[in-house]
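Understanding the architecture of this molecule
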Amino acid sequence: MPAKYDLVLKRGIIIDPEREIELVGNVGVNNGVIEYLGNNDVTGFKELDCTDLIISPGFIDLHSHGQDPENYAIQVSDGVTSALELEYGTDDVEAWYSSRKGKACVNYGVSVGHIPVRTTIMDDPGGEITRTSELKGEIIRLPIADGANKPASKLEIKRINEMIENGLKNGAVAVGMGIAYTPGASWWEILEVFKIAAKYDAVCHVHMRGWGPNTPNDAVEG
Ligand SMILES: [Zn+2]
């Protein structure tokens with residue numbers, strides 16, 4: 001144990017779920033690496049009093065729709081270091097990532113989303129634009145016309161599938177679905193999306209369906 005650390009976080013409530021640690025203690029950091037964690041009274045060139053504050057690994061938010069600089073800053077103050085938009089996602093993964101590169105104060109990631117993909121393919125104007133920003137993908141544009149309600153033709157399903165596959169090839173970390181918002185999507189259309197996700201070993205984040213012309217009879221259909 002070195003005599004003095006670059007930085008010591010003092011008297012914080014240390015929580016490390018992975019190692020099942022919860023104690024009030026001190027953390028010693030050297031060269032940006034945690035070298036000490038425990039009850040010993042260690043000293044640092046710089047010391048921060050963390051009384052009544054929690055010291056823990058950064059939180060990962062899997063369902064983060066606020067994908068803009070203001071929301072990122074607020075999330076950091078809540079302890080979130082990774083903000084992931086996995087439900088709604090985006091139809092243009094490349095643009096989503098490139099518009100954030102070098103500008104975000106958190107780790108970020110996105111799914112390729114069946115909702116925005118279907119909205120684009122079905123030429124739906126979209127509604128409920130929450131706000132505008134320079135960052136593409138921040139806007140939650142829910143379908144309000146054919147993107148929501150019209151059953152897709154064979155050709156449209158093919159185009160939806162191609163766009164989702166393209167998103168996975170371009171770095172989407174998952175497949176997002178909000179089938180509650182696309183009641184016109186048939187069970188077959190939805191199954192096809194799951195099949196593409198399976199092909200790429202991608203997880204699916206689904207806002208379940210509870211209404212519409214294809215109301216579910218059980219949890220699997222929903
Ligand atoms: Zn959501």
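Everything here concerns the structure above.
Presented here is a report on the structure given in the accompanying data block.

Reading guide: rules and limits
- Residues numbered from 1 in each chain as written.
- Predicted model: local features only at pLDDT ≥ 70, side-chain atom pairs only at ≥ 80, totals over all residues.
- Heavy atoms only, no water.
- Helix = DSSP H or I, 4+ residues; strand = E, 2+ residues; numbered from the N terminus.
- Buried < 20%, exposed > 50% of the residue type's maximum accessible area, 1.4 Å probe, protein only.
- Contact = heavy atoms within 4.5 Å.
- Areas by Shrake-Rupley, 256 points an atom, 1.4 Å probe, with all protein chains shown as cover.
- Donors = N, O, S within 2.8 Å, 3.2 Å for Na, K, Ca; no water.
- Core = buried A, V, L, I, M, F, W, Y, C linked by side-chain atoms within 4.5 Å.
- Axes fitted to C-alpha atoms, helices over the stretch in contact; angles between N-to-C directions.
- Parallel < 35°, antiparallel > 145°, perpendicular 65-115°, else oblique.
- Left-handed = near helix turned anticlockwise from the far one by under 90°.
- Nonpolar A, V, L, I, M, F, W, Y, C, P; charged D, E, K, R; others polar.
- Polar contact = N/O pair within 3.5 Å; in protein donor to acceptor, adjacent residues only side chain to side chain.
- Phe/Tyr/Trp six-rings, centres within 6.5 Å; stacked < 30°, edge-to-face > 60°.
- Pairing = 2+ DSSP bridges.
- Salt bridge = Lys/Arg side-chain N within 4 Å of Asp/Glu carboxyl O.

1. Some words on the overall build of the protein chain
The helix and strand tally for the protein chain stands at 6 helices and 10 strands. The burial tally for the protein chain puts 43% of its 222 residues in the buried class. In the protein chain, 64% of the contacts between residues at least 6 apart in sequence involve partners at least 24 apart. For the protein chain, the accessible surface area stands at approximately 12000 Å², while carbon and sulfur atoms represent 55% of it.

2. Brief notes about unusual backbone geometry
Glycine aside, the phi torsion of most residues is negative, and most peptide linkages are trans. Backbone geometry places N31, a non-glycine residue, at a positive phi of 50°. Of note, D123 is a non-glycine position whose phi angle comes to about 55°, a positive value. Along the polypeptide, D123 turns up in the loop between α3 (114-121) and α4 (146-149). On the basis of relative accessible area, D123 is assigned to the exposed category, the value being 69%.

3. Section: the coordination of the zinc ion
Around the zinc ion, the protein supplies H63 (NE2), H65 (NE2) and E87 (OE) as donor atoms, at distances of 2.0 to 2.2 Å. All donors to the zinc ion come from one chain, and their sequence spacing reads H-x1-H-x21-E.

4. Comments concerning the nonpolar core
Counting 25 residues, the largest nonpolar core has V112, V117, I160, I164, L168 and V175 as its most contacted members. Beyond its immediate stretch of four places on either side in the chain, V112 contacts T90, V93, V117, M163, I164, G167, L168, A172, A174, V175 and G176.

5. A few points about the packing of α3 against helix α5 (residues 154-169)
Between α3 and α5, the least distance of the axes is 10 Å, while the angle of their chain directions is 135°. If you check the angle between α3 and α5, you find them oblique. Once α3 is placed against α5, the crossing between them reads as right-handed. Two secondary-structure elements touch here, α3 through H114, V117, R118, T120 and I121 and α5 through E156, R159, I160, M163 and I164. Here the residues of the contact of α3 with α5 sort into 5 nonpolar, 2 polar and 3 charged.

6. Details of the side chain of K10
Looking at where K10 falls in the secondary structure, it is placed in strand β1 (residues 4-16). If near-sequence neighbours (up to four positions away) are discounted, K10 is found in contact with G25, N26, D41, V42, E47, L48, D49, C50 and T51.

7. Brief notes about the side chain of R100
Along the chain, R100 falls in the loop between α2 (93-98) and β8 (107-113). There is a polar contact of 2.9 Å between the side chain of R100 and the backbone oxygen of Q67.

8. A short note on the packing of aromatic side chains
This model, assessed by the stated rule, comprises 3 aromatic pairs. For the ring pair W96 and Y97, a centre distance of 5.4 Å and an interplane angle of 85° mean the geometry is edge-to-face. Seen in terms of ring centroids, Y97 and Y108 are 6.2 Å apart; in terms of plane orientation they differ by 35°. Their pairing is tilted. Of this pair, Y97 sits in helix α2 while Y108 sits in strand β8, placing them 11 residues apart in sequence. Put simply, the rings of W96, Y97 and Y108 touch in pairs and so form one group of aromatic residues.

9. Quick notes on the sheet that holds strand β10 (residues 204-207)
Taken together, the 5 strands give an open sheet; going across it, the order is β6-β7-β8-β9-β10, and neighbouring strands pair in parallel fashion. Each edge of the open sheet is held by one strand with a lone partner, namely β6 (59-61) and β10. Averaged over all adjacent pairs, the angle separating strand axes in this sheet is 25°, with direction ignored. Pairing between β8 and strand β9 (residues 175-178): 2 bridges, direction parallel. Note that in β9 the partner of V112 across the bridge is V175.

10. Some details on the pattern of salt bridges
One pass over the full model with this rule turns up 9 salt bridges. With a shortest N-O distance of 3.0 Å, R19 and D16 are connected by a salt bridge. Note on D16: relative accessible area 14%, which makes it buried. Note that K158 is salt-bridged to E162, the shortest N-O span being 3.1 Å. Pair noted here: K158 and E162 are both in helix α5, with a separation of 4 residues, about one helical turn.

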